Protein chains: 2
Amino acid sequence: MRITDLPTPSLVLDRAKLVRNIQRMAEAARRHGVALRPHLKTSKSIDVARLALEGQAGGIAVSTLKEAEYFVRHGIADVHYAVSIVPDKLERVAAIQNRGARVTVITDSVEVARAIDAKGQELDHTFHVLIEIDCGEGRSGVYADSPEMLKIAELIDRSPKAALAGVMSHAGHSYGCRSLAEIEEVAEAERAAAVTAAERIRMLEIACPTVSVGSTPTALHARGLEGVTEMRPGVYMFGDMFQAQIGSCAVSDLAVSVITEVISHRAPLGRLLIDAGALALSKDRSTQDTPNDIGFGLVAGLDGRPLAPQLHVGKVYQEHGQIVLTEDTPADSLPVGARLRVYPNHICMTGAMYGEYYVVDSEHGDGEEIVAVWPRTNGW
Amino acid sequence: MRITDLPTPSLVLDRAKLVRNIQRMAEAARRHGVALRPHLKTSKSIDVARLALEGQAGGIAVSTLKEAEYFVRHGIADVHYAVSIVPDKLERVAAIQNRGARVTVITDSVEVARAIDAKGQELDHTFHVLIEIDCGEGRSGVYADSPEMLKIAELIDRSPKAALAGVMSHAGHSYGCRSLAEIEEVAEAERAAAVTAAERIRMLEIACPTVSVGSTPTALHARGLEGVTEMRPGVYMFGDMFQAQIGSCAVSDLAVSVITEVISHRAPLGRLLIDAGALALSKDRSTQDTPNDIGFGLVAGLDGRPLAPQLHVGKVYQEHGQIVLTEDTPADSLPVGARLRVYPNHICMTGAMYGEYYVVDSEHGDGEEIVAVWPRTNGW
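Numbers given for residues are sequential positions, taken from 1 along each chain in its written order. For naming, the first written chain is A and the first written ligand is 1, with later ones following in the order written. Totals for whole chains, interfaces and linings use all residues, but because this is a predicted model, local features are given only for residues with pLDDT of at least 70 and pairs of side-chain atoms are given and counted only at 80 or more.

K.L.:
When you look at the overall build of chain A in this model, what are you seeing that I'm missing?
P.N.:
We count a stretch as a helix when DSSP gives it H or I for four or more residues in a row; a strand needs E for two or more, and each element gets its number in order from the N terminus. Assigned secondary structure in chain A consists of 11 helices and 17 strands. In terms of overall dimensions, chain A is globule-like: its C-alpha atoms have a radius of gyration of 22 Å, near the 21 Å expected for 380 residues. With respect to the principal axes defined by its C-alpha atoms, chain A has extents near 70 × 40 × 35 Å. Field definition: a residue is buried when 20 or more other C-beta atoms are found within 10 Å of its C-beta, exposed when 12 or fewer are, and partly exposed for counts in between, with C-beta atoms placed from the backbone. Per-residue burial for chain A yields a buried fraction of 58% across its 380 residues. Our contact criterion uses C-beta atoms placed from the backbone: two residues qualify when those atoms are within 7 Å. For chain A, long-range pairs separated by at least 24 residues make up 66% of all intrachain contacts whose partners lie at least 6 apart in sequence. Each radius of gyration is computed over the set of C-alpha atoms, and the globule rule expresses the reference value as 2.2 Å times the number of residues to the power 0.38.

K.L.:
Please clarify how the sheet that holds strand E8 (residues 210-213) of chain A should be interpreted in this entry.
P.N.:
Consider a sheet: its strands pair through backbone hydrogen bonds, and that pairing is either parallel or antiparallel. Residue and element names in this part refer to chain A. Strand pairing requires that DSSP identify at least two bridges connecting the strands. Read from one edge of the open sheet, 8 strands run E2-E9-E8-E7-E6-E5-E4-E3, paired in parallel fashion. Among the strands making up the open sheet, the edge pair consists of strand E2 (35-36) and strand E3 (60-62). Two strands pair when backbone bridges link them, and strand E6 (residues 127-133) and strand E7 (residues 162-169) are joined in this way by 7 bridges, in the parallel orientation. Paired with Val129 across the bridge in E7 is Leu164.

K.L.:
Teacher, can you tell me more about the domain arrangement of chain A here?
P.N.:
In many analyses, interface size is given as the accessible surface area lost on bringing the parts together. Residue and element names in this part refer to chain A. Boundary definitions for the domains trace back to an automatic or database domain assignment. One can read the domain layout of chain A as domain 1 (3-10 + 249-375) and domain 2 (15-237). Relative to domain 2, the C-alpha centre of domain 1 lies at a distance of 33 Å. With 15 residues of domain 1 in contact, the opposing surface of domain 2 contributes 12 residues. Residue assignment for the side of domain 1 that touches domain 2 shows that the elements contributing at least two residues are helix H11 (347-351), strand E16 (356-360) and strand E17 (372-375). The dominant element in the side of domain 1 that touches domain 2, judged by the number of residues it contributes, is H11, at 3 residues. Looking at side-chain class alone, the side of domain 1 that touches domain 2 contains 9 nonpolar, 3 polar and 3 charged residues. Just so you know the grouping, Ala, Val, Leu, Ile, Met, Phe, Trp, Tyr, Cys and Pro go in nonpolar, Asp, Glu, Lys and Arg go in charged, and all remaining residues, Gly too, go in polar.

K.L.:
Mind showing me how you'd approach the interface of chain A and chain B here?
P.N.:
On the side of chain B, 45 residues touch chain A, which itself brings 45 residues to the contact. Among the elements of the structure, helix H5 (110-123), strand E10 (256-266), helix H10 (278-281) and H11 of chain A are those that each provide at least two residues to the side of chain A that touches chain B. Top element by residues in the side of chain A that touches chain B is E10 of chain A. It accounts for 4 residues. Class assignment of the residues belonging to the side of chain A that touches chain B gives a composition of 19 nonpolar, 16 polar and 10 charged.

K.L.:
Can you help me understand the packing of helix H6 (residues 147-158) of chain B against helix H7 (residues 180-203) of chain B in this one?
P.N.:
For any two helices packed against each other, the geometry is given by the interaxial angle and the distance between the axes. Residue and element names in this part refer to chain B. Where H6 meets H7, the closest approach of the two axes is 10 Å, and the angle between their N-to-C directions is 55 degrees. Put simply, H6 runs oblique to H7. Regarding H6 and H7, the two cross each other, and that crossing is right-handed. Residues Met149, Leu150 and Ala153 of H6 form the contact with H7, whose own contacting residues are Ala197, Arg200 and Ile201. Partitioning the contact of H6 with H7 into residue classes produces 5 nonpolar, no polar and 1 charged. Note on method: axes are straight lines fitted to C-alpha atoms, helices fitted across the in-contact stretch only, with angles between N-to-C directions ranging 0 to 180 degrees. Throughout, the term roughly parallel applies to angles under 35 degrees, roughly antiparallel to angles over 145, roughly perpendicular to angles from 65 to 115, and oblique to all others. If you view the pair so one helix is near and one far, a crossing is left-handed when the near helix is turned anticlockwise from the far one by less than a right angle, and right-handed when it is turned clockwise.

K.L.:
Any chance you could explain the relation of the copies chain A and chain B here in plain terms?
P.N.:
Look at the two chain copies: a rotation about an axis and a shift along it is all it takes to match them. Least-squares superposition of the copies uses the C-alpha atoms of those residues scoring a pLDDT of at least 70 in each of them. Mapping chain A onto chain B calls for a rotation angle of 180 degrees and an axial translation of 0.0 Å; the resulting RMSD is 0.0 Å. The superposition of one copy onto the other is thereby described by a two-fold rotation axis. Measuring from the rotation axis to each C-alpha of chain A, the shortest distance belongs to Lys283 of chain A, at 2.7 Å. Of the residues that chain A buries at the interface, 100% are likewise interface residues in chain B, meaning the two copies contact each other through the same surface.

In C-alpha cells, the structure reads:
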C-alpha cells in the first residue's frame, strides 16, 4: 500500500524523521548527563515508545491512566503519570502496579498527600509520589520555597504506604518564549525550582532521588541541568508547526502529517477545500501568536515539501478545510482528487483524532510506501 | 453505576433533554411541512439516531463514509453523505450501497459529475447525486444561477449510471448571526438558493425531487420553507454553548456535558484545575465572538446547574483545564476530588474525543444514575 491508496484523512508518520528527532533528544540528554524519560502523551504508541527508549533506562511519562495501562500491558515497567493524582484514581493506579509495574503519581497538595497515605493503608499498597513544583508557569505545583512543599514531603516520607520518589517541574511557559535566550532562561528557572525543592527536602534528611524536569524546548536548549536526574520531553519525537516556530525543530524535521485530498474548487473565489477539517487537524491555533501564523496547518505536496508561498489551511469546518490560493499555486495545479500533506499546529491535538499511524520511511524507502501501521491509544 | 462512579473525563448524555430537543425540531419540520433528515455528524450514534428518527421517514445525513458504513450496518437504508464526493471514494460508496442502502453523494463540480458517470459505468453501479448550492456561505457549492449548476444537472441526468436526486444547500453562515432577524434572513437565502436551483433544473425537464436545506439555527427559525422538501439539521439534538449564544436553545436544554474532577488547587492564585483539558473539551472557542464568551466550557455542578457567576474553563492544557474562581465560588466549595459538569462550546468537536456516551435521564430518573452506555463511531 502507498500513501496514494490511504483513506483520507489519515495520519502519516515518517520513521526516518522520527528516529532522527529521537537521536537528537538522546544526544541532548547525554550532553546534560541526565536520563531521558520520554513523555508518550504525544505519540500514545508502543511502537514509537520502543524507538524512543533505545539506549535509555526504560522509564516513560504519560498523561492518562489509559496510557499507563496500555504501556504496562506492552511491557513497560516504570511509568510517571504526570497529571495531578486524585484520591479516587488511586485504585486504578494500584491495579496497574499489581501487574508488576511502578506507576509514580504526582501531587501538589497536602490534602492529597494525606489521602495517598490513607488509601495506601486501606489497600495495603505502596504508592510512589513525586511532588510537583511550580517553576513559574502557574498551572499546577507548589512553590519550591513554600512550607507546603516540605509538608507534603514529610507526610509522604512518614507514611508506611507512600514512598517519596522525588520532585518534578514542568516549564510549560517555555511555549510562550520567542527566542532561544528566553527559553534558556525558562529552562534555568525549571532546573532551579526542582533542584531547590530537592535540596530543601534533603535538608530534612528525607531522600529525594528523582529531580525531573521537562518540556521539549527547555530540554533542547537548557544551558545546563546540574542537580537534575532526568528530563521528560514529549513532542520532540514528532515536532509540529508550533515547535518549528519557537525553534525546537525545522519544518523539514516534522515526522507526522495528515494526508488529505482536494474535494472542491471555488476557482472564482480563489480557494479550494480539502477533506481535512476541524476534526482531522484540530482547532488548535497555537501559531496564531507567533510571527508566522499558518492557520490550521501548513500545506505540502505528497513529497512532504511545503507549497510556496506557505500555502496553509486558513479556515476549518467539521470535515472541510479551506485553502486560499495564491498566484504561485493556481487552482489547476491542485485539481479535485489531488493529494496533499498538512503539517498541523500542535501534533498532540491532531494525533488524538486518529486510531493509528500509517508509517512511511523517507530514508530507507521512497517515503510513500506504507511500511507499517502502528495503533494509538486515545481517550481515558 | 452513577455519574460519581464514572472515570473522568467522561461524556454524559441526558436522554430526557435529548428527547425534548428532538421533539422540538420534529415540530419545526411539521410546521414547515418538510421531512426531517437528522444529520448524525454530531452524535455518531445509532441509539441517538433511533430516537431522532421516531416518526420520521428514516433518512439521515452523515459527514464521513465511516458513519455511512456504521449506520447502514445498523439498518439505516437512506443516507446522504453531505461532504463533496471525490472520485476515489466512489468505490467505498458502491460497497455500502451493495449492502442494500442508498448513499446519496453531493458535488459542486462539472469534473466530478463526469467522473461519477465514468465510475458508474466502470463499476456498472448507479450513484445518486445531489448538487450542492452555495447560498452565501462561500464554502462549497455552485451558485443557483450559474451555468455550471445546470451543466452538472445535465451530465448527471444523461448518465446511464448516475441519478439526479436533487439539490441541497447549507447555511453554515447562520452561525455568524447574532439576532433572530439575521437568522431568518439567512434561512430565507438558504431556501431561495435551493428552490431557485431546483426550478432552473426542472425548466430543463429534468426531475429534481429533493430540495434539501439545513442548519440548526435556520431550521428552527425559518419564516417559511416553501418549495423545500426536507431539512437536515444536526446539532439541535444536543445543543451546545455556542448554539445557546445564538438563540438555538437555552443552557438548560444542553443534553451533553463532560464530567470532570477537581485535581489541583491554587488557592493563592484564585484558581483550580480540573482533569478536562484541551483533549477532553476540544480547543473550539466559538463563543469567543459572541457577547458571552465562556472560554472552553461553562462549569456546572453535578446536578447540571451552572455555577454562579458563570464559572468557566478559562484556559486548557492537554489534560488540564483551568478555572478562575470568584467570590461567589470560593476554593473550599470545590475541594480536590469534587465532581463538576462542563458544557462545551461546540459539541460536535468535544464529542469526537469520546468512544461512548454515559446516558442519564433527568426526567425518568434522578439524572445521576447511568441508565445506558451508547457507543459512538469516530474517525474516518
